[in-house]
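These are the residues of each chain, in order.
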Amino acid sequence: MTAPVTDTPVWTRKHLLALADLSREEILHVLDTAQGFQEVSTRSVKKVPALRGRVVVNMFFEDSTRTRMSFELAAQRLSADVIDFSERVSSTKKGETLIDTARNIEAMGVDIMVLRHPAAGAALHLSQAVDCCVVNAGDGQHAHPTQALLDLFTIRERKGRIDGLNVAIVGDIGHSRVARSDVRGLQKLGANVTLVGPPTLVPKAFEQMGTRVTSDFEGVLPEMDVINMLRIQKERMSASGFPSVREYVRLFGMNHERLGRCKPDVLIMHPGPVNRGIELAADVADGPHSSILRQVTNGLAVRMAVLFLCQQAAAGTPVM
Amino acid sequence: MTQLLDQKELQGTLEKLARAIAGAAPGDVPVALVGIRTRGETLARRLMPLLENAGLSPAHYGVLDVTLYRDDLTTIGPNAVVRGTEIDFDLTGTWLVLVDDVLYTGRSVRAALDALIDLGRPQAIRLAVLVDRGRRELPIQPDFVGFHTDTEAHHIVQVKLKEVDGEDEVELHDSPSD
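Residues numbered from 1 in each chain as written. Chains lettered and ligands numbered in written order. Predicted model: local features only at pLDDT ≥ 70, side-chain atom pairs only at ≥ 80, totals over all residues.

Colleague: Tell me about the overall build of chain A, and please be specific about residues and values.
Modeller: Within chain A, the regular secondary structure consists of 11 helices and 9 strands. Across its three principal directions, the C-alpha atoms of chain A cover 60 × 55 × 40 Å. Put simply, chain A has 320 residues, and 46% of those count as buried. Look at the contacts in chain A between residues 6 or more apart in sequence, and 75% of them connect residues 24 or more apart. (Helix = DSSP H or I, 4+ residues; strand = E, 2+ residues; numbered from the N terminus. Buried ≥ 20, exposed ≤ 12 C-beta atoms within 10 Å, placed from the backbone. Contact = placed C-beta atoms within 7 Å.)

Next comes the structure, spelled out in structure tokens:
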């Protein structure tokens, strides 16, 4: 290396907790870094030594096989050692708190904790209690920053930009951490966000975040560049405020007919796993407008970037 | 600050480098030119037409990002910027010329060799650098050198290229603030 590196680093965070914390520049830096990591997954040796000798622990207090696998593979491609903490066999049910558990794990010499937890704010709480990096893999209804980052990455990849795009998020917005994180990220990068769903599931309060809120899915179809269909949680279907499945499909399901009324180059997204025939018809999910599998692929690169950047920031922190 | 090369001298040095590479290239093996980001990449791109003039047509051109292979990742901290490797050919069996701007400790080249070997098995790897400033920390030596210059550890050799820095020259600085 020749020229002195004097530029102020864009990324100095050792934790990734929520997109609300990040500036536009920080979000773009993660996306650009993820772009650089894309190539690693196309090699014959799908591994780089960037996190060799580091330990990543997946702490999942909620089931999410796919997110867990994505983080695990991302860490492995960076050559980190990965250990898994499963709630089922843990002592949390015996009354050990999250923080006690985390401190015990940290004492084994862990560098990064990836946390999925049903309580909003759990990742922030954890980050204040441990010295290692904390990456939020979803906390209650609060935030799911890596999902939002991979959505942004996919939109940028397919559309070439995010600024000025019309993006609809459709479904149970009120209960969705994906929606909250997507809204934050999309707005910071200049997209116009419309939230669509039954009034009981899309609180008007979201208008205060600067989004448009509507229950008229048909009406917004023709103007959208991107439509993100959220997964309907079947277990919530029985709760009050939720329409019947048939009614939901009729009003808010994306199908072939509705796709025909969208822009010809509309991008249909879904965080997975899809309830086929409910929020998304099978032929649309598998069709050329859908980016569902590409989102999964991009998720790997985005999570590699996040693990790498947080670890780099932690390494750059002067040891007191 | 001392100017080591001006624009004209830089061009002449690159032409000399191209002739040396062309003269050494085997005739029966595909030649690949791979630049190390950022300035090695630019130099490799500039060398392509110069090699053609010298009678050598490289079959492949690629860009290597060695950030993820560096042994000082823990000390450079958040300054590391990953932009990715762009090598869209199979480098197995090629005569591969690795291009960088300045050869100093040898650690970037060590990282580049590891990165290349993860991608395939070239028949041979050769190292071409614009400047060899000495003070190696690893047993790595160049095969093709634009010019040598003796330096002290506190010196900074800065290669400026039009495409990246807006001008063409090579400077020797006494310290980062000089």
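Alright, that's what it looks like, and here's the rest.
Colleague: How would you explain the pairing of strand S8 (residues 169-173) of chain B if you had to name every residue and give the values?
Modeller: Relative to S8 of chain B, strand S1 (residues 2-5) of chain B runs antiparallel, the two sharing 3 bridges. Directly across from Gln 3 of chain B, in S8 of chain B, lies its bridge partner Glu 171 of chain B. (Pairing = 2+ DSSP bridges.)

Colleague: Which residues make up the domain arrangement of chain A, and what values go with them?
Modeller: All names here are of chain A. Partitioning chain A into domains gives domain 1 (19-143 + 297-313) and domain 2 (145-293). Listing elements by their share of the side of domain 1 that touches domain 2, those giving two or more residues are helix H1 (24-38), strand S4 (133-139) and helix H11 (292-316). Looking at the side of domain 1 that touches domain 2 element by element, the count peaks at 6 residues for H11. Broken down by class, the residue content of the side of domain 1 that touches domain 2 amounts to 10 nonpolar, 8 polar and 3 charged. (Domains from an automatic or database assignment. Nonpolar A, V, L, I, M, F, W, Y, C, P; charged D, E, K, R; others polar.)

Colleague: Before we move on, could you go through the packing of H1 of chain A against helix H5 (residues 145-159) of chain A and cite the residues and values that matter?
Modeller: Residues and elements named next belong to chain A. Viewed as axis vectors pointing N to C, H1 and H5 meet at an angle of 70°, and their least axial separation amounts to 10 Å. Judged by the angle between their axes, H1 and H5 are roughly perpendicular. When you trace H1 past H5, the crossing you get is right-handed. Along its contact with H1, which presents Ile 27, Val 30, Leu 31 and Ala 34, the element H5 presents Leu 149, Leu 152, Phe 153 and Arg 156. In terms of residue class, the contact of H1 with H5 is built from 7 nonpolar, no polar and 1 charged. (Axes fitted to C-alpha atoms, helices over the stretch in contact; angles between N-to-C directions. Parallel < 35°, antiparallel > 145°, perpendicular 65-115°, else oblique. Left-handed = near helix turned anticlockwise from the far one by under 90°.)

Colleague: Tell me about the environment of Arg 126 of chain B, residues and numbers included.
Modeller: Along the chain, the position of Arg 126 of chain B falls in strand S5 (residues 124-132). Residues Arg 126 of chain B and Phe 89 of chain B, 37 residues apart in the sequence, show an inter-C-alpha distance of 18 Å.

Colleague: So, the packing of H5 of chain A against helix H6 (residues 177-188) of chain A: which residues are in play, and what are the values?
Modeller: Residue and element names in this part refer to chain A. Where H5 contacts H6, the axes come no closer than 8 Å and their chain directions differ by 50°. Considered as vectors, H5 and H6 are oriented oblique to each other. The element H5 and its partner H6 pack so that their crossing is right-handed. In this structure, H5 contributes Pro 145, Gln 147, Ala 148, Leu 149, Asp 151 and Leu 152 to the contact, and H6 contributes Val 178, Ser 181, Asp 182, Arg 184 and Gly 185.

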